[in-house]
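Per-entry structural report
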Amino acid sequence: MRSRVLTASLVAFLLSPTYSGACGPFFPVAYLAYGEEVNILQMPQPYFSVELALSLGQPRPNPPAWPRDVKSSRERTLEADIADLNAALAKRGDSAERIEELAKRYLELRTAMDKQCALPRVVPPPPNPYAVSSEPAGDTAPQQPNTVASFDLTPLNALLNELPAEFELYVRGAHAYRTGDKAKAVALWESLLALPTKERHYRSTWAAYMLAKALHDSDPEQSLANFKQVVELTEAGFSDSLSLVPDSQNW
C-alpha cells in the first residue's frame, strides 16, 4: 500500500506543471528573427590546453585569462592604420620628421571621419527587447537607417595627394562608403587592387575585405570571392595588420 502511494505521488509530481528554469541568460523567443542567427551556429572558441587535457584524461586546466586592457575595434584599427602608414612612408624614403608630420595629419583625418561618418553595418544588430528607453545613448548610438553622413574631404585633398597611392585610394573609398556612395567606394577599392604589386602591400587586404562588405547585398557571389581574396592575398605575402583572415573565413 505504501509503495503504491509513493508511486502515485511520484507520478503526480512529475506530471505537475512546475516551473524549471534553466541556468544562464534568458533569450527572447524572437532571437532568430533579428538577423544574426548565424551567431548561434558558430563554434565556441576552444582552448588547445583544455582540449588536450580532456583528451588525455587529465584535470581541466583554467583557460587563459582575458587581458584587462582590451582595446576597441576602432582603437585597434587606428593603431594599425598609423603603423602601416609609418612603414610605407619609411619604405618610400621619407625623413623621420616628414613621417611624423604626415602621420599626425592622417590620424586627425581618420579620427574626424570616424566621428562624423559611422561605418555602416552589413548585418544590423538585434534590437534589445529589454531596453528601458529607445532614445540614443550619446554618441554611441548606431546611425539611423536612411541617414547619410556628411564629411567634406575637399580640404584634405592636399594631404591625401601626399600619401602613398594605396592609402589615398583606400581612404577615398572609405569616405565614399561611409557617406552612402557604395558604387564609388567599389570603384576606388578596385583601383587600389589594380595598382602594381609593390605599390599596394599594406592596403590590399583591407580593400578586398571592404569590397566584400560593400557587395554583400548587391552581388553575394563577388562578395564571397573578395572574402576568399583576403586569404589569398595574405598567403601571397600582403600585410594583414588587422587579422582579417579569420573573419573572412567565417563569412
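Structure first, text after, so check above.
Residues numbered from 1 in each chain as written. Predicted model: local features only at pLDDT ≥ 70, side-chain atom pairs only at ≥ 80, totals over all residues. Heavy atoms only, no water.

A word on the overall build of the chain
So the rule is basically this: Secondary structure elements follow DSSP: runs of H or I no shorter than four residues count as helices, runs of E no shorter than two count as strands, and numbering proceeds from the N terminus. Per-residue accessibility, obtained with a 1.4 Å probe over protein chains only, is compared with the maximum for each type, and a residue is labelled buried under 20%, exposed over 50%, and partly exposed between these values. Residue contacts are counted whenever heavy atoms from the two residues lie within 4.5 Å of one another. Surface accessibility in these figures is a Shrake-Rupley result with a 1.4 Å probe; residues are shielded only by whichever protein chains are displayed.
A count of helices and strands for the chain gives 11 helices and zero strands. When the helices and strands of the chain are read in sequence order from the N terminus, they spell out α-α-α-α-α-α-α-α-α-α-α. The buried share of the chain, reckoned over its 251 residues, is 31%. Look at the contacts in the chain between residues 6 or more apart in sequence, and 64% of them connect residues 24 or more apart. About 17100 Å² of surface is accessible on the chain, with carbon and sulfur atoms providing 58% of the total.

Quick look at the pattern of salt bridges
Applied cut-off: Salt-bridge detection follows one rule: a side-chain nitrogen of Lys or Arg within 4 Å of a carboxyl oxygen of Asp or Glu.
Using the criterion set out here, one finds 10 salt bridges in the structure. Taking the shortest distance from any N to any O, the salt bridge between Asp 94 and Arg 92 comes out at 2.7 Å. Under the relative-accessibility criterion, Asp 94 is labelled buried at 18%. Given the relative accessible area of 43%, Arg 92 is considered partly exposed.

Looking at the packing of helix H7 (residues 165-178) against helix H8 (residues 182-193)
For the record, the criterion: Throughout, an axis means a line fitted to C-alpha atoms (over the contacting stretch in the case of helices), and angles, computed between N-to-C directions, take values from 0 to 180 degrees. In this scheme, roughly parallel covers angles under 35 degrees and roughly antiparallel covers those over 145, while 65 to 115 is roughly perpendicular and the rest are oblique. Two helices that cross are described as forming a left-handed crossing if the nearer one is turned anticlockwise from the farther one by less than a right angle, and a right-handed crossing if clockwise.
Between H7 and H8, the shortest axis-to-axis distance is 7 Å and the interhelical angle comes to 165°. Between H7 and H8, the crossing angle belongs to the class labelled roughly antiparallel. Viewed along their axes, H7 and H8 form a crossing whose handedness is left-handed. On H8, the residues that touch Glu 166, Leu 169, Tyr 170, Arg 172, Gly 173, Ala 174, Ala 176 and Tyr 177 of H7 are Lys 182, Lys 184, Ala 185, Leu 188, Trp 189, Ser 191 and Leu 192.

A short note on the packing of aromatic side chains
Formally: Each Phe, Tyr or Trp ring (for Trp, its six-membered ring) is paired with any other whose centre lies within 6.5 Å, and the angle between the two planes then decides the class: stacked below 30 degrees, edge-to-face above 60, tilted in between. Geometrically, a lysine NZ or arginine CZ counts as sitting over a ring once it is within 6 Å of the ring centre and also within 35 degrees of the ring normal.
Within this structure, the stated rule accounts for seven aromatic pairs. Residues Phe 227 and Trp 251 carry aromatic rings whose centres are separated by 5.3 Å and whose planes lie at 15° to one another, so their mutual orientation is stacked. Placement of Phe 227 in helix H10 (residues 220-235) and of Trp 251 in the segment after helix H11 (244-250) is noted, with a sequence separation of 24 residues between them. Judged by relative accessible area, Phe 227 falls into the buried class, the value being 3%. Aromatic rings pair up to connect Tyr 170, Tyr 177, Trp 189 and Trp 206 into one cluster. Looking at Arg 203, its charged tip hangs above the ring of Tyr 170, at a distance of 6.0 Å from the centre. Taking NZ or CZ as reference, Arg 203 lies 3.6 Å from the ring centre of Trp 206, over its face.

Details of the nonpolar core
Put simply, the test is: For this analysis, a nonpolar core means a set of buried residues of the types Ala, Val, Leu, Ile, Met, Phe, Trp, Tyr and Cys, connected via side-chain atoms within 4.5 Å.
In terms of nonpolar packing, the biggest core is built from 48 residues, with Tyr 106, Leu 163, Phe 167, Tyr 170, Trp 189 and Leu 193 touching the most fellow members. Elements with a contribution of two residues or more to this core: helix H4 (73-92), helix H5 (96-116), helix H6 (157-162), H7, H8, helix H9 (204-214), H10 and H11. Here this core gets eight residues from one element, more than from any other, and that element is H9. For Tyr 106, the residues in contact, after removing those within four places along its chain, are Asp 81, Ile 82, Leu 85, Leu 159, Leu 163, Phe 167 and Val 171.

Focus on the environment of Glu 235
Position of Glu 235 among the secondary structure elements: in helix H10. Here Glu 235 falls in the exposed class, since its relative accessible area comes to 66%. When the C-alpha atoms of Glu 235 and Val 245 are compared, they prove to be 9.7 Å apart, with 10 residues separating the residues in sequence.

Considerations on unusual backbone geometry
Apart from glycine, the bulk of residues carry a negative phi angle, and the bulk of peptide bonds sit in the trans form. In the Ramachandran plot, Ser 243 falls in the positive-phi region, its phi being about 55° despite a non-glycine side chain. Within the secondary structure, Ser 243 sits in the loop between H10 and H11.

Description of H5
As a reminder of what qualifies: To estimate the expected span of a helix, count its residues, drop one, and scale the result by 1.5 Å. Note: the arc covers the axis-to-C-beta directions of the helix.
With 21 residues, H5 extends 30 Å from end C-alpha to end C-alpha; this agrees with the ideal 30 Å at 1.5 Å per step. Those residues of H5 that fall on the buried side of the exposure criterion are Ile 99, Leu 102, Ala 103, Tyr 106, Leu 109, Arg 110, Met 113 and Asp 114. In a view along the axis of H5, the buried residues occupy a sector of 130°, so they form one face of it. Across from the buried face of H5, at angles greater than 90 degrees, the exposed residues are Glu 97, Glu 100, Lys 104 and Lys 115. At its buried positions, H5 is contacted by H4, H6, H7 and H9.

Regarding the environment of Glu 232
For Glu 232, the location among the structural elements is in helix H10. A relative accessible area of 52% means that Glu 232 is categorised as exposed. Sequence separation between Glu 232 and Val 245 is 13 residues; the distance between their C-alpha atoms is 9.1 Å.

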